[in-house]
Every structure is written in structure tokens, then in C-alpha cells.
2 protein chains.
Amino acid sequence: MDVVEFVECSIGRWRSQRSGHSLALSHFEEVRSTIDIVSLPKTAPEIIELCKYSGVDMADAVSPFQMSWQGESDWDENEIIKGSCILVPIPNTNNLKKGKLLRSQGYAETIPAMGEYYITEDETFVLHTEYDSAAAEEKIWFHTPNLRFRISLIKTSDGNGVLTASFSSEIRSLSTA
Amino acid sequence: MDVVEFVECSIGRWRSQRSGHSLALSHFEEVRSTIDIVSLPKTAPEIIELCKYSGVDMADAVSPFQMSWQGESDWDENEIIKGSCILVPIPNTNNLKKGKLLRSQGYAETIPAMGEYYITEDETFVLHTEYDSAAAEEKIWFHTPNLRFRISLIKTSDGNGVLTASFSSEIRSLSTA
């Protein structure tokens, strides 16, 4: 599986269950959400802008997509968690399994971010992103075409201490509702 | 990392946070527990008995160990979850990274079980176990020597449907209390 196939497999609506572990405090967080992943044309103005911002040639971009989510956490039942970001893979020359991933809004910090991805032999998509004051490591893999799992770690910026570890089970929603 | 090193790294006391996702029902379970992993001598009577029960030559066993756990779940706060089992790796000839794992008590069913393990290039210990009416898939990896993660899937016996997916963050307990 390369990044083009990985994005193709990801397109759709997913019902997500996410558990967060705050390691220092032994706290749990539970989040239920709906995630929509849609492909975008390479010529979309926001893609062109993000490539320019990140200093990469937009000719190198493949399979840009948008991810939107809406959900609720047991930490604050009155608050709706909602957001959206644009992601643009920039594979290395002649190797779709490794490269950079631009995102219009980071996971650990809400500014544009550039991560490094690779796809392992057992078809896990691994992403490392460094932010000003934190770092993130994500692993995403498909158990079946309709069930995928995701591990996300938020680390201190030196990459050693893990602040939170979270695990998502994502089931493809076959209804269009 | 081979299975001998993997067991060595696992010896000790771990403070575990586990989140279970019941996929059909979108239910969450939260479990906090203490896990003790101690190595056992190859000559311990329970090792000899388990090898005999499983029909394997005990000369092929390496690094047997015992795992005990005690914890509590938010599903039943009055109940203490407690148990213990013995595990015996039986590597393939000349390949410590792949083989069988005997356990005196299974994860999906409380009878002795024999799983197939392998260690991936990125040092994840992967274990598949088939039971009479279910199958289990576990992945365990060390983020640092003192922090490890574990994914456990309980599947229908045909291996397709995932009934529950759980994620554990396990921090080495440096106190001896």
C-alpha cells in the first residue's frame, strides 16, 4: 500500500470511538465522533495556498484530502468538538511510501504543520510531526476495508516524554445519513 | 529484538490503563490495573506440565514467565479483576523472532492456548491465537524501556469480525510498593 492507496481507502464517513490516556494523571477521556474524509482537487485554492505557505512545489502533491470531525467528549458533555483540516501528501521522488504530509491545522497545535510519513511493511501509516512545543506520532492501519485503527501520541518537543496516548477504532459508516 | 530480549524488557511491575471498545455497541470500558511480570525457571513444574499438555518438547522453550494482574473496571467498580497466567515462548528452530507462545490460560477463553507470534521489523510483538469460539490478535511494543503499549483484538473465530478492540498504556512502576 502506498500513500495514494492509503488515501483512497480512507475516503468516506467513519464512526469513531477514541480513548485518550493522560499518562501522568492516569486519566481517561472518551470521545465519540463522526469523521468525514473527502478528496480534493489538486487545483483547489486552499491546496495551492498551503503548498506555498510550506515552501513546497505543488506539482509534488498527490491525493490531497479534507478531514472534518464532529463529536463529543465525556470531559465536557456540553461542548461539541468540531473541526476540519486539509492534508496534502508530498511523497519523496519515486517513493510513494515515504515523504511529507502538510496539514492546514496541526494535531498538537492549531497552526499549519509539516510531518514526515512512511508506510511500513505491514501497511501501517506512520506520521511524525514536530511542533514548537510538542511532537506527535500517529499510526493508522486498516484491519479490514471498513475498520481502521489509529494510535496518536502527543510527546514533549524533545520527543521523549509521552503526555497523552490515544486509540481510535473507526468503523466505516455505510449509511449516508 | 527477539523474544528473549522482549521478555527481558517486559520483566517488572507495570501500571496499566486499558480502554476497551465494544465495536458493535460503541461502548467504552476503562480498566486500571497493576501487572507483574516475573521470569520463571525452565524447570518449574508448571512449565513442564504446560509443555506436556501442549505436546511440545520443553527443550524448545525459552524465557518462560508469569504474568499476574489486579485491577478494577468502571463496568463493575465493586469487582476486583485479578488473574495470573504462565507464558512459554517456543521459537522456531534458529529464529527467535517467530514461533509459538503457550499460555496456561487464554485471553479470550480460560483454557490453555497456543498462539503464533512474530516480531516485526519495527520491533512490535504480534500474537495470533485461535480459540474454539473466538480468535485474538495482540500487538505489544515498547515506546521506551519504561513505557509500552498493547493493542488487543477479540475476533469471531473466522477471524473477520472484530468484537472488541482494546488499548493499554503500561508504565513501568519504579517503586516496589
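Residues numbered from 1 in each chain as written. Chains lettered and ligands numbered in written order. Predicted model: local features only at pLDDT ≥ 70, side-chain atom pairs only at ≥ 80, totals over all residues. Heavy atoms only, no water.

**Student:** Go over the pattern of salt bridges, please, and point to the residues and values.
**Tutor:** Side-chain pairs of opposite charge can arise where the charged atoms are in close proximity. All names here are of chain A. Tallied over the full model, the rule gives 14 salt bridges over all chains. A salt bridge links Glu138 to Arg103; its shortest N-O distance comes to 3.2 Å. On the criterion of sequence distance, the pair formed by Glu138 in strand 8 (residues 135-144) and Arg103 in strand 5 (residues 95-103) is long-range, its members being 35 residues apart. Judged by relative accessible area, which is 4%, Glu138 ranks as buried. Within this structure, Arg103, Glu138, Arg148, Arg150 and Glu170 form a network of salt bridges that share partners. (Salt bridge = Lys/Arg side-chain N within 4 Å of Asp/Glu carboxyl O. Helix = DSSP H or I, 4+ residues; strand = E, 2+ residues; numbered from the N terminus. Buried < 20%, exposed > 50% of the residue type's maximum accessible area, 1.4 Å probe, protein only.)

**Student:** An account of the confidence of the model for chain A is needed here, citing residue identities and associated values.
**Tutor:** Residues and elements named next belong to chain A. Taken residue by residue, chain A gives an average pLDDT of 92. The fraction at 70 or more is 95%. Taken element by element, the predicted model of chain A shows its lowest mean pLDDT in strand 4 (residues 76-92) (89) and its highest in helix 1 (residues 3-10) (98). Two summary scores accompany this predicted model of the complex, namely pTM at 0.91 and ipTM at 0.89. (pLDDT = per-residue confidence, 0-100.)

**Student:** A description of the environment of Pro145(A) should follow, citing residues and the corresponding values.
**Tutor:** All names here are of chain A. If you trace the backbone, Pro145 turns up in the loop between strand 8 and strand 9 (147-155). Residues Pro145 and Arg172 lie 27 residues apart in sequence; the distance between their C-alpha atoms is 8.2 Å. Ignoring any residue separated from it by four or fewer positions in sequence, one finds Pro145 in contact with Trp14 and Arg172. (Contact = heavy atoms within 4.5 Å.)

**Student:** Got a sec to walk through the sheet that holds strand 4 (residues 76-92) of chain B? Specific residues and values, please.
**Tutor:** All names here are of chain B. Spatially, 1-2-3-4-5-6-7-8-9-10 is the arrangement adopted by the 10 strands of the closed barrel, whose pairing is antiparallel. Sheet twist, expressed as the mean angle between neighbouring strand axes with direction ignored, is 25 degrees. When strand 1 (residues 12-22) meets strand 10 (residues 162-172), the two strands line up antiparallel, connected through nine bridges. Within strand 10, the position partnered with His21 by the bridge is Ala165. The strands touched by helix 1 (residues 3-10) are strand 1, strand 2 (27-39), strand 3 (65-73), strand 4, strand 5 (95-103), strand 6 (113-119), strand 7 (125-130), strand 8 (135-144), strand 9 (147-155) and strand 10; relative to strand 8, the strand with the most contacts, the crossing angle is about 70 degrees. Of the strands in this sheet, strand 4, strand 5 and strand 6 touch helix 2 (residues 45-54), which is tilted by about 70 degrees from strand 4. (Pairing = 2+ DSSP bridges. Axes fitted to C-alpha atoms, helices over the stretch in contact; angles between N-to-C directions.)

**Student:** I'd like a rundown of helix 2 of chain B, residues and numbers included.
**Tutor:** Residue and element names in this part refer to chain B. Three or more residues of helix 2 are buried, namely Ile47, Leu50 and Cys51. With its buried residues spanning 100 degrees around the axis, helix 2 presents them on a single face. In helix 2, the exposed positions that point more than 90 degrees away from the buried face belong to Pro45, Glu49, Lys52 and Tyr53. Where helix 2 is buried, its residues contact strand 4 and strand 5. (Arc of directions from axis to C-beta.)

**Student:** Run through the relation of the copies chain B and chain A, naming residues and quoting values.
**Tutor:** At an RMSD of 0.0 Å, chain B and chain A line up after a rotation of 180 degrees and a shift of 0.0 Å along the axis. What the rotation and shift describe, once combined, is the action of a two-fold rotation axis. (Least-squares fit on C-alpha atoms with pLDDT ≥ 70 in both.)

**Student:** Requested: an account of empty space enclosed by the protein, with residues and values cited.
**Tutor:** What the rule picks out here adds up to four cavities of 30 Å³ or more. In this model, the largest cavity occupies a volume close to 190 Å³. If you go around the largest cavity, you meet 17 residues; those closest to its centre are Phe6(B), Phe65(B), Leu101(B), Phe125(B) and Ile140(B). Within the residue set of the lining of the largest cavity, elements represented by two or more residues are helix 1, strand 3, strand 4, strand 5, strand 7, strand 8 and strand 9 of chain B. Residues of the lining of the largest cavity, tallied by class, amount to 12 nonpolar, one polar and four charged. Here the second largest cavity defines a volume of roughly 160 Å³. Lining the second largest cavity are 17 residues, with Phe6(A), Phe65(A), Leu87(A), Phe125(A) and Ile140(A) sitting closest to its centre. Sorting the residues of the lining of the second largest cavity by element identifies helix 1, strand 3 (65-73), strand 4, strand 5, strand 7 (125-130), strand 8 and strand 9 of chain A as the ones contributing at least two each. With four residues, helix 1 of chain A is the single largest residue contributor to the lining of the second largest cavity. (1 Å grid on protein atoms, 1.4 Å probe; cavity = no way out; pocket = protein on both sides within 12 Å on 5 of 7 lines; lining within 4 Å. Points joined across faces, edges and corners; volume = space filled by probe spheres on them. Nonpolar A, V, L, I, M, F, W, Y, C, P; charged D, E, K, R; others polar.)

**Student:** So what's going on with the interface of chain B and chain A? Residues and values would help.
**Tutor:** When the parts come together, some accessible area is lost, and that loss is often what is quoted as the size of the interface. Contact residues are listed per partner, giving 36 residues for chain B and 36 residues for chain A. Around 2,800 Å² of area is buried between chain B and chain A when both sides are counted, 57% of it from carbon and sulfur atoms. One can count zero salt bridges joining chain B with chain A. On inspection of chain B and its partner chain A, the count reaches 12 residue pairs in polar contact (both at pLDDT 80 or more). Those elements that provide at least two residues to the side of chain B that touches chain A are strand 1, strand 2, strand 8, strand 9 and strand 10 of chain B. Among the elements that take part in the side of chain B that touches chain A, strand 10 of chain B stands out by supplying seven residues, more than any other. Its residues assigned to classes, the side of chain B that touches chain A shows 12 nonpolar, 14 polar and 10 charged. (Buried area = accessible area lost by both parts, 1.4 Å probe. Polar contact = N/O pair within 3.5 Å; in protein donor to acceptor, adjacent residues only side chain to side chain.)

**Student:** Break down the sheet that holds strand 5 of chain A for me, citing the residues and quoting the values.
**Tutor:** All names here are of chain A. The strand order around the closed barrel formed by 10 strands is 1-2-3-4-5-6-7-8-9-10, and the pairing between neighbours is antiparallel. This sheet shows a mean twist of 25 degrees between the axes of neighbouring strands, independent of strand direction. Here helix 1 sits on the sheet and contacts strand 1 (12-22), strand 2 (27-39), strand 3, strand 4, strand 5, strand 6 (113-119), strand 7, strand 8, strand 9 and strand 10 (162-172); the angle it forms with strand 8, its principal contact strand, is near 70 degrees.

**Student:** How would you summarise helix 2 (residues 45-54) of chain A if you had to cite specific residues and measurements?
**Tutor:** Against strand 4 and strand 5 of chain A lie the buried residues of helix 2 of chain A. At the C-terminal side of helix 2 of chain A, Gly55(A) shows a positive phi close to 70 degrees.

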